[in-house]
Amino acid sequence: MALAATLAILGCHGGEPGPGMGGRGPVPVLVAKAIRKTVAQRLHAIGRVEAYSTVEIKSQINGQVMKVHFKEGQDVAKGDLLFTIDPRPFVAALNQAIADLNRDKAQKVQLSNDFDRYQTLLKAGVGSRQQYDEAKSKYEAIDATVAADEASVQTARLNLEYTAIVSPIDGRTGNLILHEGNLVKANADTAMVVINQIKPVYVDFSVPEQELAQVRRAIAAHPMTVDAVAADENKTTVHGSLSFVDNTVDATTGTIQLKGVFDNRDQKLWPGQFIDTYLTLNELPDAVLVPSQAVQTGADGSYVFVIDPKMKAAMRKVAVGDTIDGDTVIQSGLRGDETVVTDGQLRLMPGGTVMIKSADRARARTAS
């Protein structure tokens, strides 16, 4: 945005004033005030939005899909039911496992009594060692069988639970691969559906390795913010924080990867998008700013035209810094209270007289 509104017309003259100096008429120009304010020193990069987490939903059992409980592209919460796989074979398997367990538990009671009886007889000297050993062996065997039965019941109950597939995260569903009636295999290569967590999201971007030193200094000094310009019609700026700096520089590109995390509650950012990303390193207090269109480039570098109270133009060499929201930081050459020319520089010469025109009049003349 521009730093200041264009100044009003100071005067009106008959006819169109001609450019030049001396006897020639004043040059019509647009101007703005250079100002001082605190601005952020930022690095710009093209970032790519990534899902905070991605889960491929697969079945852990074989069976038929009986019901799909969501629509493609629907937001789901952690624990929401996604698929129901035919539970009837697994209910039967659980009932069979429970029956085997109950049978073997009853047999264990009998063999436990036999073992206790032969143990008592052996201690009394009226029972044989062979009968005692046989009773002990049978009891230990049935004890192991009961333990195996209990494990089978747990497995059968777990398999029955697997017939109800729920979402492990909050996220948004993608393309539905398997529909109702399809047969599904355990741990198949293709997922039934993919869920992306998009609240929050990451924005992945890279900066040149030359900037790594100042990035590390900034990290050590304070938490770092990352801004991203959403790809909506309003070009909304959303704010996040730096969450990751890679542990190596990419030798092929000479850049280092960083990530910012954004809460994305309004879902302005979408996985896969490429967006403008700005990493704020620090703040520059009392910086001098002018509209970027005021800065011109010549053989000796950058310069601006400054207008004095007598409406005379003077060329001022400047050292420029970052461009921030349409304004350029002037590192040296201006104090911060001067009036600078933002339009009409091509007709202007140092020492020339100017006439300040309004933006409305300038637009009308351009359109005619």
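In this text the structure is predicted, and so the values were computed from the model without any measurement.

Enquirer: Would you mind showing me how to read the layout of surface pockets here?
Expert: To find the voids left in a structure, one rolls a probe of water-molecule size over its atoms. Each pocket or cavity is described by its volume, and for the largest pocket that value is around 160 Å³. Every residue along the wall of the largest pocket is listed here: Ile57, Lys58, Ser59, Gln60, Glu161, Tyr162, Ala164, Ile165, Val166 and Pro168. Top contributing element to the lining of the largest pocket by residue count: strand β6 (residues 164–166), with three residues.

Enquirer: How should the sheet that holds β6 be read in this particular structure?
Expert: In sheet architecture, strand pairing relies on hydrogen bonds along the backbone and comes in two forms, parallel and antiparallel. With antiparallel pairing, four strands are arranged side by side in an open sheet as β6-β5-β3-β8. A single partner strand is all that each edge strand has here, and the edge strands are β6 and β8 (183–184). Two elements, strand β3 (residues 63–68) and strand β5 (residues 81–85), share three bridges in a ladder whose sense is antiparallel. Opposite Val65, over in β5, you have Ile85 as the bridge partner.

Enquirer: Looking at this model, I keep getting lost on the pattern of salt bridges. Mind explaining?
Expert: Close approach of charged atoms allows side chains of opposite charge to pair. Inspection of the entire model under this criterion finds 16 salt bridges. Put simply, Lys67 and Glu180 hold a salt bridge, and the shortest N to O gap is 3.9 Å. Here Lys67 is found in strand β3, whereas its partner Glu180 is found in the loop between β7 (171–173) and β8, with 113 residues between them in sequence. Take Lys67: its relative accessible area is 40%, and that puts it in the partly exposed class.

Enquirer: How do you make sense of the environment of Arg117 when you look at a structure like this?
Expert: Considering the arrangement of structural elements, one finds Arg117 in helix α1 (residues 88–124). Measuring from C-alpha to C-alpha, the distance between Arg117 and Gly127 comes to 9.4 Å, with 10 residues separating the pair along the chain.

Enquirer: Sorry if this is basic, but what is going on with the side chain of Asp86 here?
Expert: Note on placement: Asp86 falls in the loop between β5 and α1. Those residues in contact with Asp86 that lie beyond four places of it in its chain are Gln64, Met66 and Thr163.

Enquirer: Would you explain α1 in this entry?
Expert: Because each turn of an α-helix spans 3.6 residues, side chains separated by three or four positions end up pointing in the same direction. If you check α1, its first and last C-alpha atoms are 54 Å apart, about what 37 residues at 1.5 Å a residue would give, namely 54 Å. Listed in full, the buried residues belonging to α1 are Phe90, Leu94, Ala97, Leu101, Asp104, Leu111 and Phe115. Buried residues along α1 sit in contact with α2 (129–161). Where α1 terminates, the next one or two residues include Gly125, which has phi positive at roughly 80 degrees.

Enquirer: Mind showing me how you'd approach the environment of Glu50 here?
Expert: Structurally, Glu50 is set in strand β2 (residues 35–57). You can call Glu50 partly exposed: its relative accessible area is 22%. Separated by 169 residues in sequence, Glu50 and Ile219 place their C-alpha atoms 22 Å apart. With residues near it in sequence (within four places) discarded, Glu50 still touches Val201, Tyr202, Asp204 and Lys259.

Enquirer: Looking at this model, I keep getting lost on the nonpolar core. Mind explaining?
Expert: If you look at soluble globular proteins, the nonpolar side chains tend to sit buried side by side. By size, the foremost hydrophobic cluster in this structure holds 24 residues, and its most contacted members are Phe205, Leu258, Phe262, Leu269 and Leu279. At the level of secondary structure, the elements contributing two or more residues to this core comprise β2, β9 (193–208), α3 (212–221), β10 (225–229), β11 (237–245), β12 (255–262) and β13 (274–291). Here the element with the most residues in this core is β9; it accounts for five residues. For Leu279, the contacting residues outside a window of four places in its chain are Gln41, Arg42, Leu43, Phe205, Val215, Met224, Thr225, Val226, Leu242 and Leu258. If you look at the next biggest cluster of nonpolar residues, it comprises 18 residues, including Val65, Phe90, Ile165 and Leu176.

Enquirer: I keep staring at the pairing of strand β19 (residues 339–343) and nothing clicks. Help me out?
Expert: Burial within β19 is extensive, with four of its five residues counted as buried. In this structure, strand β1 (residues 27–33) lies alongside β19, joined through four bridges in antiparallel fashion. Note that in β19 the partner of Ala32 across the bridge is Val340. Bridging between strand β15 (residues 301–307) and β19 involves two bridges; their strand directions are antiparallel. By the bridge assignment, Val306 is partnered in β19 with Val340.

What counts and what doesn't
- Residues numbered from 1 in each chain as written.
- Predicted model: local features only at pLDDT ≥ 70, side-chain atom pairs only at ≥ 80, totals over all residues.
- Heavy atoms only, no water.
- 1 Å grid on protein atoms, 1.4 Å probe; cavity = no way out; pocket = protein on both sides within 12 Å on 5 of 7 lines; lining within 4 Å.
- Points joined across faces, edges and corners; volume = space filled by probe spheres on them.
- Helix = DSSP H or I, 4+ residues; strand = E, 2+ residues; numbered from the N terminus.
- Pairing = 2+ DSSP bridges.
- Salt bridge = Lys/Arg side-chain N within 4 Å of Asp/Glu carboxyl O.
- Buried < 20%, exposed > 50% of the residue type's maximum accessible area, 1.4 Å probe, protein only.
- Contact = heavy atoms within 4.5 Å.
- Expected span 1.5 Å × (residues − 1).
- Core = buried A, V, L, I, M, F, W, Y, C linked by side-chain atoms within 4.5 Å.

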